[in-house]
Amino acid sequence: MSLTRSVVLGCGSYLPEKVVTNDDLSKIVETSDEWIVQRTGIRERHIAGEGEFTSHLALKAAEAALADAGVEAKTIDLIIMATSTPDNTFPATAVTVQNGLGITTGAAFDLQAVCSGFIFAMTTADAYLRAGLAKRALVIGAETFSRILDWTDRGTCVLFGDGAGAVVLDAQEMPGEVKTDRGILTCHLRSDGSHKQKLYVDGGPSSTQTTGHLRMEGKEVFKHAVGMVTDVIHDAFEATGLTADDLTWFVPHQANRRIIDASAKKLGIAPEKCVVTVEGHGNTSAASIPLALDTARKAGRIKPGDLVMLEAMGGGFTWGSVLLRW
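Rules and cut-offs
Residues numbered from 1 in each chain as written. Predicted model: local features only at pLDDT ≥ 70, side-chain atom pairs only at ≥ 80, totals over all residues. Heavy atoms only, no water. Helix = DSSP H or I, 4+ residues; strand = E, 2+ residues; numbered from the N terminus. Rg over C-alpha atoms; globule rule 2.2 N^0.38 Å. Buried < 20%, exposed > 50% of the residue type's maximum accessible area, 1.4 Å probe, protein only. Contact = heavy atoms within 4.5 Å. Pairing = 2+ DSSP bridges. Axes fitted to C-alpha atoms, helices over the stretch in contact; angles between N-to-C directions. Phe/Tyr/Trp six-rings, centres within 6.5 Å; stacked < 30°, edge-to-face > 60°. Lys NZ or Arg CZ within 6 Å of the ring centre and 35° of its normal. Polar contact = N/O pair within 3.5 Å; in protein donor to acceptor, adjacent residues only side chain to side chain.

1. Re the overall build of the protein
Then, in step 1: Assigned secondary structure in the protein consists of 10 helices and 13 strands.
Then, in step 2: Compactness check: the protein gives a C-alpha radius of gyration of 18 Å against a globular reference of 20 Å for 326 residues, within 12% of the reference.
Then, in step 3: With 326 residues in all, the protein has 56% of them scored as buried.
Then, in step 4: Considering only contacts within the protein whose residues lie at least 6 apart along the sequence, 76% involve residues at least 24 apart.

2. Examining the sheet that holds strand S6 (residues 136–144)
Two orientations exist for strands paired in a sheet by backbone hydrogen bonds: parallel and antiparallel.
Then, in step 1: Sheet architecture is open: 5 strands sit in the order S1-S7-S6-S4-S5, paired in mixed fashion. The sheet is open, and its two edges are formed by strand S1 (3–14) and strand S5 (107–111), each paired on a single side. Between one strand axis and the next, the sheet turns by 20° as a mean value, whatever way the strands run.
Then, in step 2: With 11 bridges joining them, S1 and strand S7 (residues 162–174) adopt antiparallel strand pairing. Bridged to leucine 3 within S7 is methionine 174.
Then, in step 3: Packing of helix H3 (residues 54–69) onto the sheet brings it into contact with S1, strand S4 (78–82), S6 and S7, and relative to S1 it is tilted by some 120°.
Then, in step 4: Against the sheet, helix H10 (residues 288–298) engages S1, S6 and S7, with an angle of about 85° to S1.

3. Comments concerning the packing of aromatic side chains
Then, in step 1: For the coordinates displayed, the defined rule picks out 2 aromatic pairs.
Then, in step 2: If you follow arginine 258 out to its NZ or CZ, it ends over the ring of phenylalanine 222, 5.0 Å from the centre.

4. Observations regarding the side chain of serine 321
Then, in step 1: Considering the arrangement of structural elements, one finds serine 321 in strand S13 (residues 318–325).
Then, in step 2: Of the polar contacts made by the side chain of serine 321, one reaches the backbone oxygen of valine 232; its length is 2.9 Å.

5. So, the environment of histidine 188
Then, in step 1: With respect to the element layout, histidine 188 can be found in strand S8 (residues 183–191).
Then, in step 2: Sequence separation of histidine 188 and tryptophan 319 is 131 residues, and the distance between their C-alpha atoms is 8.5 Å.
Then, in step 3: In contact with histidine 188, other than residues within four places in its own chain, are Val232, Asp235, Ala236, Ala239, Trp319, Gly320 and Ser321.
Then, in step 4: A polar atom in the side chain of histidine 188 sits 2.8 Å from the side chain of threonine 186.

6. Looking at the sheet that holds S13
Then, in step 1: In spatial order, the strands read S8-S13-S12-S11; together these 4 strands make up an open sheet with mixed pairing. One side of each edge strand has no neighbouring strand; the edge strands of this open sheet are S8 and strand S11 (249–252). Taking each pair of neighbouring strands and ignoring which way they run, the sheet shows an average axis angle of 10°.
Then, in step 2: Of the strand pairs in this sheet, strand S12 (residues 307–314) and S13 are connected by 8 bridges, and their pairing is antiparallel. Across the sheet, the residue bridging to methionine 313 is tryptophan 319, located in S13.

7. Regarding unusual backbone geometry
Then, in step 1: The step from phenylalanine 90 to proline 91 runs through a cis peptide bond, and the omega angle for that step is 5°.
Then, in step 2: Relative to the helices and strands, proline 91 resides in the loop between S4 and helix H4 (93–100).
Then, in step 3: With an omega dihedral of -10°, the bond running from glycine 316 to phenylalanine 317 counts as a cis peptide bond.
Then, in step 4: Positioned with a positive phi, serine 285 is a non-glycine residue whose angle comes to about 55°.
Then, in step 5: As for its position among the elements, serine 285 is in the loop between helix H9 (278–281) and H10.

As structure tokens, this is what we get:
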């Protein structure tokens with residue numbers, strides 16, 4: 001029996017021009033390149049310039065994804081944008097991107113699941129396409145986390161960067177064979193609000209009427225991350241009958257090199273199958289996975305037919321996985 005699958009037609013990304021190295025940060029807070037690299041694997045990150053908003057980054061990534069897919073913007077009838085740093089409280093930054101692309105039909109909305117945002121957005125878009133509620137979706141992850149950082153807190157300001165990534169998904173009929181179908185094969189999402197205080201922003205329209213700053217209990221987040229990540233990946237394998245050996249690429253959320261390495265080891269995924277970009281991007285939250293995807297594809301690593309596992313964990317806590325064939 002044939003199935004509707006959400007097939008990736010193309011991807012794109014954008015990074016702000018300004019680069020901030022670990023040495024640059026050592027002039028602002030008490031830290032060093034050695035300290036940051038040893039604990040996180042991060043060497044530099046990109047920071048949005050004055051007057052450069054999340055929507056600007058997202059629009060450039062979206063345009064790149066459409067060009068890569070070889071499709072016109074007017075064919076998009078769904079835009080889902082994952083972000084925790086919108087331009088405004090409302091309207092959704094997705095509608096700003098929609099307007100920038102010259103699209104006046106279909107639906108556009110933001111989705112907030114912090115660093116898991118892109119996984120949640122892909123899952124939501126997949127549900128829309130499989131249900132016949134849309135035919136072609138633009139899924140974006142874009143952040144300007146530099147705007148919510150406390151630049152006196154060395155435990156957080158060294159970790160994050162700004163950027164955007166996007167993919168174009170197309171509803172296509174497939175034979176329904178897990179081992180050969182292209183597109184998204186299975187998605188798994190989880191949330192547990194009891195962990196809120198471990199990673200959150202201490203402000204908001206309803207609570208403080210301010211934007212607030214990011215606060216994190218780093219050791220606690222690290223402790224939970226590996227177990228939660230492997231949890232939803234095992235779910236994906238169980239749902240499809242596939243295994244770590246079948247994977248061509250593992251594209252995790254780029255938060256910390258040690259978390260990536262520990263997760264891959266626990267899952268039995270060979271190091272050479274891991275796409276790692278955290279060294280040059282830092283943690284770009286919802287943008288990290290599409291940025292990593294685009295970086296790997298441009299390098300000639302991810303190719304049509306490759307089996308790719310995406311996973312992320314973020315504040316909330318939220319976590320999830322998407323297994324797809326490119």
